[in-house]
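So you can see what is in the structure, the chains are spelled out below.
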Amino acid sequence: MIDSELRSALEAELGQRIEQIERVSGGDINDAFALRLGDGTRSFLKTNAHAPAAMFAAEARGLGLLAEPAVVRVPRVIASSPPGTARGFLLLEWVEAARPGQRFDEELGRALAALHRAHLPSFGLDHDNFIGRLPQSNRAHDDWVDFFRSERLGAQLELAVESGRASGALRRGFERLFEKLPELVGPREPPARLHGDLWGGNLLVGERAEPCLIDPAVYGGHREIDLAMMRLFGGFGPRVFDAYHEAYPLAPGHAERVALYQLYPLLVHVNLFGGGYARSVERALGAYV
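Quick caveat: nothing in here was measured; it's all calculated off a predicted structure.

Trainee: Is there a simple way to think about the overall build of the chain in this case?
Mentor: Per the secondary structure count, the chain includes 9 helices and 11 strands. Here the C-alpha radius of gyration of the chain, 20 Å, is about what a compact globule of 289 residues would show, namely 19 Å. Taking the principal axes of the C-alpha coordinates as reference, the chain spans close to 60 × 45 × 35 Å. Looking at the chain as a whole, 52% of its 289 residues qualify as buried. Restricting to contacts in the chain with at least 6 residues of sequence separation, those with at least 24 account for 64%. Taking the 32 positively charged and 38 negatively charged side chains of the chain as two groups, their mean positions are separated by 3 Å.

Trainee: Where do I start with the packing of aromatic side chains in this structure?
Mentor: Geometry of an aromatic ring pair is reported as the spacing of the ring centres plus the angle between the planes. Throughout the structure, instances matching the rule amount to 10 aromatic pairs. Seen from their ring centres, phenylalanine 273 and tyrosine 277 are 6.4 Å apart, and the 45 degrees between their planes marks the pair as tilted. A residue is classified by how much of its surface remains accessible, and tyrosine 277, at 27% relative accessible area, is partly exposed. Grouped by ring-pair contacts, the aromatic residues Phe123, Trp144, Phe147, Phe148, Tyr219 and Tyr261 constitute a single cluster.

Trainee: I tried to follow empty space enclosed by the protein on my own but got confused; where do I start?
Mentor: A water-sized probe rolled over the atoms picks out the places where empty space is left. Under the criterion given, the structure shown has 1 cavity of 30 Å³ or more. What the largest cavity holds in volume is close to 50 Å³. Lining the largest cavity are Leu194, Gly196, Tyr219, Ile225, Asp226, Met229, Tyr264 and Pro265. It is helix α6 (residues 224–233) that provides the largest number of residues to the lining of the largest cavity, a total of 3 residues. Looking at the lining of the largest cavity residue by residue, the classes come out as 6 nonpolar, 1 polar and 1 charged.

Trainee: Help me out: how do you make sense of the sheet that holds strand β4 (residues 77–80) in this one?
Mentor: Strand pairing within a sheet occurs via backbone hydrogen bonds; the two strands may be parallel or antiparallel. Spatial strand order, β1-β2-β3-β5-β4: 5 strands in an open sheet with antiparallel pairing. Each having just a single partner strand, β1 (18–24) and β4 make up the two edges of the open sheet. Mean inter-strand twist for the sheet, computed between neighbouring axes without regard to direction, equals 20 degrees. Where β1 and strand β2 (residues 31–37) come together, 6 bridges link them in antiparallel fashion. Considered in β2, the bridge of valine 24 is made with alanine 32. Its contacts with the sheet put helix α2 (residues 55–67) on β3 (42–48), β4 and β5 (88–93), and the angle it makes with β5 is roughly 25 degrees.

Trainee: Which parts of the structure should I look at to understand the packing of helix α4 (residues 144–162) against helix α8 (residues 258–273)?
Mentor: A pair of packed helices is characterised by two quantities: the angle between their axes and the separation of those axes. At their nearest, the axes of α4 and α8 sit 9 Å apart, and the two run at 30 degrees to each other. Viewed along their axes, α4 and α8 adopt a mutual orientation that is roughly parallel. For the pair α4 and α8, the crossing hand works out as left-handed. Side by side, α4 and α8 meet where Trp144, Phe148, Arg152, Leu153, Gln156, Leu157, Leu159 and Ala160 of the first sit next to Leu260, Tyr261, Leu263, Tyr264, Leu267, Val268, Val270 and Asn271 of the second. Grouping the amino acids of the contact of α4 with α8 by side-chain chemistry returns 13 nonpolar, 2 polar and 1 charged.

Trainee: Is there a simple way to think about the pattern of salt bridges in this case?
Mentor: Close approach of charged atoms lets side chains of opposite charge pair. Per the stated rule, a full pass over the model turns up 23 salt bridges. Linking arginine 110 and glutamate 246 is a salt bridge whose minimum nitrogen-to-oxygen distance equals 3.2 Å. Taken together, the positions of arginine 110 in helix α3 (residues 104–117) and glutamate 246 in helix α7 (residues 238–247) put the pair 136 residues apart, joining distant regions of the chain. Looking at glutamate 246, the relative accessible area reads 45%, which means it is partly exposed. Between arginine 188 and aspartate 143 there is a salt bridge, with its nearest N and O atoms 3.3 Å apart. Remark: aspartate 143 occurs in the loop between β7 (134–136) and α4 and arginine 188 occurs in the loop between α5 (168–184) and β8 (192–194); sequence separation between them is 45 residues. Judged by relative accessible area, arginine 188 falls into the exposed class, the value being 71%. Given a relative accessible area of 22%, aspartate 143 falls into the partly exposed group.

Trainee: What's the story with the packing of α6 against α7 in this structure? I'm lost.
Mentor: At their nearest, the axes of α6 and α7 sit 11 Å apart, and the two run at 170 degrees to each other. Between α6 and α7, the angle falls in the class roughly antiparallel. You can see that α6 and α7 cross each other, and the crossing is left-handed. Along the contact surface, α6 presents Leu227, Met230 and Arg231, while α7 presents Val240, Phe241 and Tyr244.

Rules used throughout
Residues numbered from 1 in each chain as written. Predicted model: local features only at pLDDT ≥ 70, side-chain atom pairs only at ≥ 80, totals over all residues. Heavy atoms only, no water. Helix = DSSP H or I, 4+ residues; strand = E, 2+ residues; numbered from the N terminus. Rg over C-alpha atoms; globule rule 2.2 N^0.38 Å. Buried < 20%, exposed > 50% of the residue type's maximum accessible area, 1.4 Å probe, protein only. Contact = heavy atoms within 4.5 Å. Lys, Arg positive; Asp, Glu negative; His and termini not counted. Charge placed at Lys NZ, Arg CZ, Asp CG, Glu CD. Phe/Tyr/Trp six-rings, centres within 6.5 Å; stacked < 30°, edge-to-face > 60°. 1 Å grid on protein atoms, 1.4 Å probe; cavity = no way out; pocket = protein on both sides within 12 Å on 5 of 7 lines; lining within 4 Å. Points joined across faces, edges and corners; volume = space filled by probe spheres on them. Nonpolar A, V, L, I, M, F, W, Y, C, P; charged D, E, K, R; others polar. Pairing = 2+ DSSP bridges. Axes fitted to C-alpha atoms, helices over the stretch in contact; angles between N-to-C directions. Parallel < 35°, antiparallel > 145°, perpendicular 65-115°, else oblique. Left-handed = near helix turned anticlockwise from the far one by under 90°. Salt bridge = Lys/Arg side-chain N within 4 Å of Asp/Glu carboxyl O.

Okay, structure coming up:
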């Protein structure tokens with residue numbers, strides 16, 4: 001459970017007593033709890049005594065960036081721990097899960113299209129954040145190729161090589177890919193407002209049977225990278241992608257770029273979990289070099 005210091009800090013933020021604390025599922029990284037408050041409402045708490053100092057504040061900012069265009073639901077941020085707090089936390093409104101409605105997939109596809117149309121000023125962001133527990137550099141670039149090569153593929157590849165999770169041969173394969181990258185990434189597009197970590201576990205069904213996005217790793221990027229990650233681990237029906245394409249048609253050749261844009265989440269998984277993900281990277285890379 002949570003200690004008395006954190007409980008006192010949360011009650012000060014909420015302006016009321018916490019009557020009940022119940023542990024709930026919240027992923028592999030953080031502890032998660034449902035809080036029953038004095039007024040009968042519930043809140044969702046994520047906390048981690050070992051989290052990087054800026055992690056929860058960055059997640060709160062990411063949720064704000066997703067909420068800003070008002071095109072898709074995200075949980076409202078109640079409070080996040082300031083840097084230097086002994087035990088980091090993020091306090092969110094409680095989302096009461098429901099069953100998806102008949103048009104859920106269509107609504108999700110159109111909402112993602114609208115989110116991606118709410119462009120950001122550059123590729124990257126004005127602050128760094130995290131993907132999972134890994135730092136994510138968002139140093140801004142005017143050109144997508146430069147950003148994708150340096151801040152996404154290159155950064156994760158270097159981390160994998162340093163940890164011994166990627167071979168020299170894999171690094172050489174990426175060097176060949178980087179030479180060809182300008183001709184592979186597709187037509188120029190403005191920086192889309194990306195969720196950044198869009199797999200099935202980061203999608204909820206809200207009380208009104210509407211899509212609700214959680215746990216973002218937001219930045220300005222090529223919109224096909226969100227869609228490629230959605231295809232990587234499954235959990236999204238074909239109507240999601242059809243509705244997206246109807247609302248915001250994809251550029252020619254997008255199907256051939258799916259494996260390219262899956263390289264970043266696969267490298268992230270190499271660095272988080274190791275195991276067979278390096279072989280998955282090799283297979284995806286083999287389509288281009």
